[in-house]
Amino acid sequence: LHLHEGTVSNCVVTGSSCASHVTQPVAVTGGLMTHTTIRDNAYTTTGRGCQGLWISDGVFAHGAVLRNTIPLKNSDQATADGVVIKGGTVRDSIIEGNSGGANSTAISMFAAGVRMEGGTLERCIVQNNVNQSASQAKHAGGVTASAGTIRNCLIAGNSAATTSADSAGGLYVSSKNV
């Protein structure tokens, strides 16, 4: 599903088995997506994208991104299991139970929950996401951020398998631009 303009509401996106380097079940590049659940999606081959929501503009509100996974063996240069925010706003949503990891040192940041490179994450719950990357730095279970705004969010119960001091279970901020 790719939303460029307009409104999409009251949908469930599930069972997607992306088999490409850059696809994801939902991309929002404009418009409003509201009251939508993105859940139980999985990569079937090596992937570089995200397995839930990718947003560069527009708004995703009152939704949920749940139990999406990129198996570690398939995660070549994955960026996030739940949400990648490059711009736009994710608001009043739940990002929970996403798991996987990135097994390539080519990826500078990975998060099982949310990877932020801009935009806004506002009044969201990011919980119980698991980053399975055991040896990668700059990765988080909950949120990894290099730019953007995080406002009034609960980030709890996330974990990262890595023992690197340059990682976090909950929130990893890599720049003063957050």
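Cut-off values and rules
Residues numbered from 1 in each chain as written. Predicted model: local features only at pLDDT ≥ 70, side-chain atom pairs only at ≥ 80, totals over all residues. Heavy atoms only, no water. Helix = DSSP H or I, 4+ residues; strand = E, 2+ residues; numbered from the N terminus. Contact = heavy atoms within 4.5 Å. Areas by Shrake-Rupley, 256 points an atom, 1.4 Å probe, with all protein chains shown as cover. Buried < 20%, exposed > 50% of the residue type's maximum accessible area, 1.4 Å probe, protein only. Polar contact = N/O pair within 3.5 Å; in protein donor to acceptor, adjacent residues only side chain to side chain. Salt bridge = Lys/Arg side-chain N within 4 Å of Asp/Glu carboxyl O. Pairing = 2+ DSSP bridges. Axes fitted to C-alpha atoms, helices over the stretch in contact; angles between N-to-C directions.

K.L.:
Any details on the overall build of the chain? Residues and values, ideally.
P.N.:
Helix and strand content of the chain: zero helices and 21 strands. Partitioning the contacts of the chain with sequence separation of at least 6, the portion at a separation of at least 24 is 82%. For the chain, the exposed area adds up to about 7,000 Å²; of that, 49% sits on carbon and sulfur atoms.

K.L.:
Any details on the side chain of N129? Residues and values, ideally.
P.N.:
Among the secondary structure elements, N129 is positioned in the loop between β15 (125–127) and β16 (130–131). For N129, a relative accessible area of 0% gives the class buried. A distance of 3.3 Å separates a polar atom in the side chain of N129 from the backbone nitrogen of G97. Leaving out residues up to four positions away in the same chain, N129 has contacts with I95, E96, G97, N98, A112, G113, G141, G157, N158 and S159.

K.L.:
Which residues make up the pattern of salt bridges, and what values do they have?
P.N.:
Taken as a whole and assessed by the stated rule, the structure comprises seven salt bridges. The salt bridge involving E122 is made with R91; its shortest N-O contact spans 3.0 Å. Residue E122 is found in strand β14 (residues 114–122), and its partner R91 is found in strand β10 (residues 89–91); the two are separated by 31 residues along the sequence. On the basis of relative accessible area, E122 is assigned to the buried category, the value being 11%. Owing to a relative accessible area of 25%, R91 belongs among the partly exposed residues under this scheme. Residues joined by salt bridges that share partners form a network here, namely R91, D92, E122, R123 and R151.

K.L.:
Residue-level account of the environment of G142, with values.
P.N.:
Tracing the backbone through its elements, the reader meets G142 in the loop between β17 (139–140) and β18 (143–151). Judged by its relative accessible area of 0%, G142 falls in the buried class. When the C-alpha atoms of G142 and E96 are compared, they prove to be 9.0 Å apart, with 46 residues separating the residues in sequence. Not counting residues up to four positions away in its chain, the partners in contact with G142 are A111, G113, V114, V126, N158, G169 and G170.

K.L.:
A description of the pairing of β18 should follow, citing residues and the corresponding values.
P.N.:
Remark: a regular strand shows side chains that alternate across the two faces of the sheet. Of the strand pairs in this sheet, β14 and β18 are connected by seven bridges, and their pairing is parallel. Bridging across to β18, V114 finds its partner in V143. Inspection of the sheet shows β18 paired to strand β21 (residues 171–173) by three bridges, in the parallel sense. Paired with T144 across the bridge in β21 is Y172.

K.L.:
So, the sheet that holds β15: which residues are in play, and what are the values?
P.N.:
The strand order across the open sheet built from six strands is β3-β5-β7-β11-β15-β19, with neighbouring strands paired in parallel fashion. Whereas interior strands pair on both sides, the edge strands pair on one side only; in this sheet they are β3 (12–14) and β19 (154–156). Across the sheet, the mean angle from the axis of one strand to that of its neighbour is 5 degrees, orientation sign disregarded. Here strand β7 (residues 64–66) pairs with strand β11 (residues 94–96) via three bridges, running parallel. Looking across to β11, one finds that A64 is bridged to I94.

K.L.:
Mind laying out the pairing of strand β4 (residues 26–34), listing which residues take part and the relevant values?
P.N.:
Most of β4 sits inside the fold, with seven of its nine residues counted as buried. Note: strand β1 (residues 2–3) against β4, two bridges, orientation parallel. Bridged to L3 within β4 is V28. Strand direction decides the pairing type here: strand β2 (residues 7–9) and β4, joined by three bridges, are parallel. Directly across from S9, in β4, lies its bridge partner T34. As paired elements, β4 and strand β6 (residues 53–61) share seven bridges and run parallel to each other. Residue T29 lies in a different strand from β6, and its bridge partner there is D57.

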